[in-house]
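Structural features, examined
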Amino acid sequence: MTDSKYFTTTKKGEIFELKAELNSDKKEKKKEAVKKVIASMTVGKDVSALFPDVVNCMQTDNLELKKLVYLYLMNYAKSQPDMAIMAVNTFVKDCEDPNPLIRALAVRTMGCIRVDKITEYLCEPLRKCLKDEDPYVRKTAAVCVAKLHDINAQLVEDQGFLDTLKDLISDSNPMVVANAVAALSEIAESHPSSNLLDLNPQSINKLLTALNECTEWGQIFILDCLANYMPKDDREAQSICERVTPRLSHANSAVVLSAVKVLMKFMEMLSKDLDYYGTLLKKLAPPLVTLLSAEPELQYVALRNINLIVQKRPEILKHEMKVFFVKYNDPIYVKLEKLDIMIRLASQANIAQVLAELKEYATEVDVDFVRKAVRAIGRCAIKVEQSAERCVSTLLDLIQTKVNYVVQEAIVVIKDIFRKYPNKYESVIATLCENLDSLDEPEARAAMIWIVGEYAERIDNADELLESFLEGFHDESTQVQLQLLTAIVKLFLKKPTETQELVQQVLSLATQDSDNPDLRDRGYIYWRLLSTDPVAAKEVVLAEKPLISEETDLIEPTLLDELICYIGTLASVYHKPPSAFVEGSRGVVHKSLPPRTGSSESAESPDTAPSGGPAADQPSVIPTQGDLLGDLLNLDLGPPVSGPPMATSAVQMGAVDLLGDSLMGDESEGMGGSGGSFTPAPSTTAPTNVGAPLGSGLGDLFDLTGGVGTLSGSYVAPKTVWLPAMKAKGLEISGTFSRQVGSISMDLVLTNKALQVMSDFAIQFNRNSFGLAPAAPLQVHAPLAPNQSVEITLPLNTVGSVMKMEPLNNLQVAVKNNIDVFYFSTLYPLHILFVEDGKMERQMFLATWKDIPNENETQFQIKDCSLNADAVSSKLQGSNIFTIAKRNVEGQDMLYQSLKLTNGIWVLAELRIQPSNPSFTLSLKCRAPEVSQYIYQAYETILKN
């Protein structure tokens, strides 16, 4: 009979009966009872009351019964730690049992019991098992060390288990080697700084020998470990590659991908002129192709990995285009991924084949797939110039099918083709205009509006077409509204006499009737441009556009190199580094490919610095600051950076000079200001005389030099309760921190919730990481009556005593009044310590970025932030985080920023913003990496509020 009978009982007094059966003298009855207990536990009943009776059954030679009891123990030891200690003796005995299976079972279960009280009793048995004569016991014990390390790391280090594990790497049994490597890798991951896997050519040789005889998962552990090794030269890299290559023909796809990862990494070190390099490229193609004959889920994972490999080394698969042709029964996720790779591999040699295939796909029934196929045709045109003509005619044929979504996608890609090949294919505009009425998707409408605006002079009824879009202006998406505004301004600049009313209409819609700040700002800018200098407006709006690049969706090179190091893991499927999706990944180690042989590694520079000065002027580097806070105590810091002197009467309070030089830098002269004085900013109401001819100035919206004037301090968090009344005999203190024009303050609200009057207030701070201290006494002018509150602003400075706190931004405060002394601690946001002169000169930034070692770089993800690069930049500037340079790399905006703390520590940042992605990647470099986590928190706080 099967075991299902154990799950079918519905008795009420079950626990009592089971107790009797567990204490029976008959072995069979005991075994049956334990099975019933395990069945109840499996379906979620609480059988912890039987703990002592089940533990008594451990004393048996029957392996099956022992396994069941151990299973029970693992489940309930955590909730019954005192009872679990009863089982310790049996474990110790079982670890010396003559049967190796029982010894291994005991050590495996020990590792799974996560109870602190028990762990120290398990050290002796574990030490014996690590040196057991049977390899099965040794391999189990190796994994147990990793589990024990997770429970109590200090204990494992004190007991010397890590050294024993390192010795097991030289074990004679390949499975023991594999498990030792797996355990050490696991431990090393949670302690990135420790150099546990200290690999050298001898140990690498042992791993490679074990590789041939391991089980498949053992091979994966060893290959992953090899991938983290840095060969000393290209000869060693080649010899490792030769010994890893046979793994490519393994039946398990995970082994194949791990081998591919090792080879991709070490190929970096091989010279391309070597014969072996060419051989290796040829050997990598067949295993990757074979992966595509597996089931769809595996195919998808393989395709995501191949996508990375093709971006790094397209030559590996350049002759394998046919494998990526879509099969009729492929699931949609596989189809879309294959399409992506087809475009990456498209070249002059195979473009005819690819286009024929894509045209076929565009007539399929699956809408998502058809859309991507049409887009793919456009991408081919942009990638392979010789095929552009054929692609355009293919797209026109598809437009003639009049299938709505096909037409819309075609128009979107034709816009890109116009950008890539100006003045070549404009003859098709007439056909596009015929389909204007059928466009209902924002992207297609925006593309069509762009085409009409860009080529307004070739389209006779351009004004009518744009006017038809304007009728439902407020129902359009932002993308379409922005595009429409720009298109009508372009049209106006090309045909000023006919379209004056139209431009007036769109400008007032955008500025007066719209809630969208982007649209309003763009409307005002155009309005002011047109009103002050039509010639400049023409130069700005109708400027030559740069040609678009062929591959807009390539992964940024540094990220690609990092992802190559994660082939065969989730990171390679998501195409994101682990730090982006692993919870609590503060210390994720960033992997990178080894430097190419023969080429000095060039650091990714934010922007090539302008070559102005003489070569001898090497940019100076900010001096090393030693360990940040540990030695702040010894730094003789002068008084804090005080705010710059307040503006003199010539500069009104509206434009206080926050940065110590003119607000506009050197540009204020050229921007209509007379250099010296600021004119006050007039109101931002829209002008009334738009109808006036251009020369009369379209009514200046706000004076060009004004508008910057408001004194924006850094972000101030809302007040929170720091000391609740119940803990302070009726005194409640809530507060927040702020920084305005260079001075820091603590904004407090004191509330008396007691029945007696409070007076004689005083405040004191404990020593803290940045020397924060009150700059004046706490002044409460009148006694505080019951149920009364008082708001106080306490000025702070940073010349107090310094002591490193945990966490770094912890502040311990004592407040005294006539009743008692009360203590509380709070966390201050680090951005109150960002000083106003934190903008680093550009060359200095480059030199310092290269000079700070790479291990000081930490990466963070800022999630759910939908600002664009300019908004981010201005928001951060308000809190003294200054943007030094901005680049656009393959559609991503990269902001390079600097900030300086009150104690003189500089932090350099690279902020990566993808327009469509609400997650930003923040890389911070600093000589004192312990502040990075808190700088990241400051970024998050500022950007999300």
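Residues numbered from 1 in each chain as written. Predicted model: local features only at pLDDT ≥ 70, side-chain atom pairs only at ≥ 80, totals over all residues. Heavy atoms only, no water.

If you check an unreviewed UniProt entry, the chain appears there as AP complex subunit beta from Taeniopygia guttata. Entered under Sequence similarities (unreviewed entry) in the UniProt record, the comment concerning the chain runs "Belongs to the adaptor complexes large subunit family." Recorded in UniProt under Subcellular location (unreviewed entry), the annotation for the chain is "Endomembrane system". (UniProt positions renumbered as here; feature names shortened; annotations may be inferred.)

What follows concerns the overall build of the chain. From N to C terminus, the chain includes 36 helices and 13 strands. The 945 residues of the chain split such that 50% are buried. The contacts in the chain between residues at least 6 apart in sequence include a share of 68% that link residues at least 24 apart. Of the roughly 44100 Å² of accessible surface on the chain, a fraction of 51% belongs to carbon and sulfur atoms. (Helix = DSSP H or I, 4+ residues; strand = E, 2+ residues; numbered from the N terminus. Buried < 20%, exposed > 50% of the residue type's maximum accessible area, 1.4 Å probe, protein only. Contact = heavy atoms within 4.5 Å. Areas by Shrake-Rupley, 256 points an atom, 1.4 Å probe, with all protein chains shown as cover.)

Here we come to the sheet that holds strand β13 (residues 920–926). The antiparallel open sheet is built from 5 strands, whose spatial order is β9-β13-β12-β11-β10. At either margin of the open sheet sits one strand with a lone partner, and together these are β9 (857–862) and β10 (882–889). Between one strand axis and the next, the sheet turns through 20 degrees on average, direction left out of account. When strand β11 (residues 892–900) meets strand β12 (residues 906–913), the two strands line up antiparallel, connected through 8 bridges. Residue pairing across strands places L895 opposite L911, the latter belonging to β12. (Pairing = 2+ DSSP bridges. Axes fitted to C-alpha atoms, helices over the stretch in contact; angles between N-to-C directions.)

To continue, consider the sheet that holds strand β1 (residues 720–723). Judged by pairing direction, the sheet is antiparallel, and its 5 strands sit side by side in the order β1-β2-β3-β6-β5 without closing on themselves. Edge strands, defined here as strands with exactly one partner in the open sheet, are β1 and β5 (773–774).

What follows deals with the pattern of salt bridges. Proximity of charged atoms lets side chains of opposite charge pair with each other. Overall, the coordinates contain 38 salt bridges when judged by the stated rule. Ionic pairing is found between E556 and R912, a salt bridge with its closest N-O pair at 3.4 Å. With E556 in the loop between α31 (534–541) and α32 (557–564) and R912 in strand β12, the pair connects residues that are 356 residues apart, well separated along the chain. For R912, a relative accessible area of 9% gives the class buried. A salt bridge links E910 to R912; the nearest nitrogen and oxygen atoms lie 3.6 Å apart. Shared partners join several salt bridges into a network, and the residues in it are R371, R375, E409, E441 and E443. (Salt bridge = Lys/Arg side-chain N within 4 Å of Asp/Glu carboxyl O.)

Taking 1.5 Å per residue as the helical rise, helix α17 (residues 253–267) with its 15 residues ought to reach 21 Å, and the 21 Å between its terminal C-alpha atoms agrees with that figure. Across the 15 residues of α17, 14 count as buried, placing the element largely inside the fold. For α17, the capping residue at the N-terminal end is N252, with a side-chain oxygen 2.7 Å from the backbone nitrogen of A254. (Expected span 1.5 Å × (residues − 1). Polar contact = N/O pair within 3.5 Å; in protein donor to acceptor, adjacent residues only side chain to side chain.)

It is worth spelling out the packing of aromatic side chains at this point. The final tally for this structure, using the stated rule, is 11 aromatic pairs. Judged by centre distance (6.4 Å) and plane angle (75 degrees), the rings of F845 and Y896 are edge-to-face. A residue pair is termed long-range when its members are at least 10 positions apart, and F845 in helix α34 (residues 842–851) and Y896 in strand β11 qualify at 51 residues. Here F845 and Y896 have matching classes, each one buried. Between F860 and Y936 the ring centres are 4.5 Å apart and the planes differ by 5 degrees, which places this aromatic pair in the stacked class. Pair noted here: F860 is in strand β9 and Y936 is in helix α36 (residues 932–943), with a separation of 76 residues, a long-range link. Here F860 and Y936 have matching classes, each one buried. An aromatic cluster is built from W722, F737, F824 and Y828, whose rings are joined through pairwise contacts. Its end group placed over the ring of F369, K335 keeps NZ or CZ at 5.1 Å from the ring centre. (Phe/Tyr/Trp six-rings, centres within 6.5 Å; stacked < 30°, edge-to-face > 60°. Lys NZ or Arg CZ within 6 Å of the ring centre and 35° of its normal.)

Packed helix pairs are characterised by how far apart their axes lie and by the angle those axes make with each other. For the pair helix α35 (residues 869–877) and α36, interaxial distance at closest approach is 10 Å and the crossing angle is 110 degrees. Here α36 runs roughly perpendicular to α35, going by the angle between their axes. α36 is crossed by α35, and the crossing has right-handed handedness. Across from V872, K875 and L876 in α35, the residues of α36 making contact are Y939, I942 and L943. Here the residues of the contact of α35 with α36 are counted per class, giving 5 nonpolar, no polar and 1 charged. (Parallel < 35°, antiparallel > 145°, perpendicular 65-115°, else oblique. Left-handed = near helix turned anticlockwise from the far one by under 90°. Nonpolar A, V, L, I, M, F, W, Y, C, P; charged D, E, K, R; others polar.)

What follows concerns unusual backbone geometry. Omega for the peptide link from E806 to P807 comes to -10 degrees, which places this bond in the cis form. Tracing the backbone through its elements, the reader meets P807 in the loop between β6 (789–797) and β7 (810–816). Although it is not a glycine, K402 adopts a positive phi angle of roughly 60 degrees. Structurally, K402 can be placed in the loop between α23 (388–400) and α24 (404–420).

On to the environment of A188, then. If you trace the backbone, A188 turns up in helix α13 (residues 174–190). Along the backbone, A188 and A146 are 42 residues apart, and their C-alpha atoms lie at a distance of 9.8 Å.

Attention now moves to the confidence of the model for the chain. Averaged over every residue, the pLDDT of the chain is 80; residues scoring 70 or more account for 85%. Contacts for the low-pLDDT stretch residues 598–620, under 50 throughout, to residues beyond four places or in other chains number 26 contacts. Long-range and interchain partners of residues 622–711, a stretch whose pLDDT sits below 50, account for 132 contacts in this model, where long-range means more than four residues apart. (pLDDT = per-residue confidence, 0-100.)

Moving on: the pairing of strand β2 (residues 731–740). For β2, the tally of buried residues reaches 9 of 10 residues, placing the bulk of the element in the interior. The sheet contact formed by β1 and β2 spans 3 bridges and is antiparallel. Note that in β2 the partner of V721 across the bridge is S734. Of the pairings in the sheet, the one linking β2 to strand β3 (residues 743–752) comprises 10 bridges and is antiparallel in character. Within β3, the position partnered with E732 by the bridge is T751. Count of turn residues in the β2/β3 antiparallel hairpin: 2 residues, of which V741 carries a positive phi of about 40 degrees.

Position of N752 among the secondary structure elements: in strand β3. A distance of 2.9 Å separates a polar atom in the side chain of N752 from the backbone oxygen of Q756. With residues near it in sequence (within four places) discarded, N752 still touches G730, V757, M758, L784, A785, P786, N787 and Q788.

Before going further, it helps to spend a moment on the state of the cysteines. What the rule picks out here adds up to 0 disulfides. As a non-bridged cysteine, C380 has C391 as the owner of its nearest cysteine sulfur, 5.7 Å distant. (Disulfide = S-S within 2.5 Å.)

Take α36 next. Look at α36: 16 Å from first C-alpha to last across 12 residues, which is about the 16 Å you get at 1.5 Å a residue. Restricting attention to buried positions, one finds in α36 the residues S932, Y934, I935, Y936, A938, Y939, I942 and L943.

Turning to the packing of helix α28 (residues 478–494) against helix α29 (residues 500–511), a few remarks are in order. Between α28 and α29, the least distance of the axes is 9 Å, while the angle of their chain directions is 150 degrees. As far as their axial angle goes, α29 and α28 are roughly antiparallel. Crossing angle aside, the handedness with which α28 passes α29 is left-handed. For the pair α28 and α29, contact is made by L485, I488, V489, L491 and F492 and by Q500, L502, V503, V506, L507 and A510, respectively. Here the residues of the contact of α28 with α29 are counted per class, giving 10 nonpolar, 1 polar and no charged.

Y72, L126 and F418 are the most contacted members of the largest nonpolar core, which has 215 residues in total. Other than its neighbours up to four places away in sequence, F418 contacts Y425, E426, V428, I429, L432, W450, I451 and Y455. Grouped together as the second largest cluster of nonpolar side chains are 63 residues, W722, L748, F822 and I881 included. (Core = buried A, V, L, I, M, F, W, Y, C linked by side-chain atoms within 4.5 Å.)

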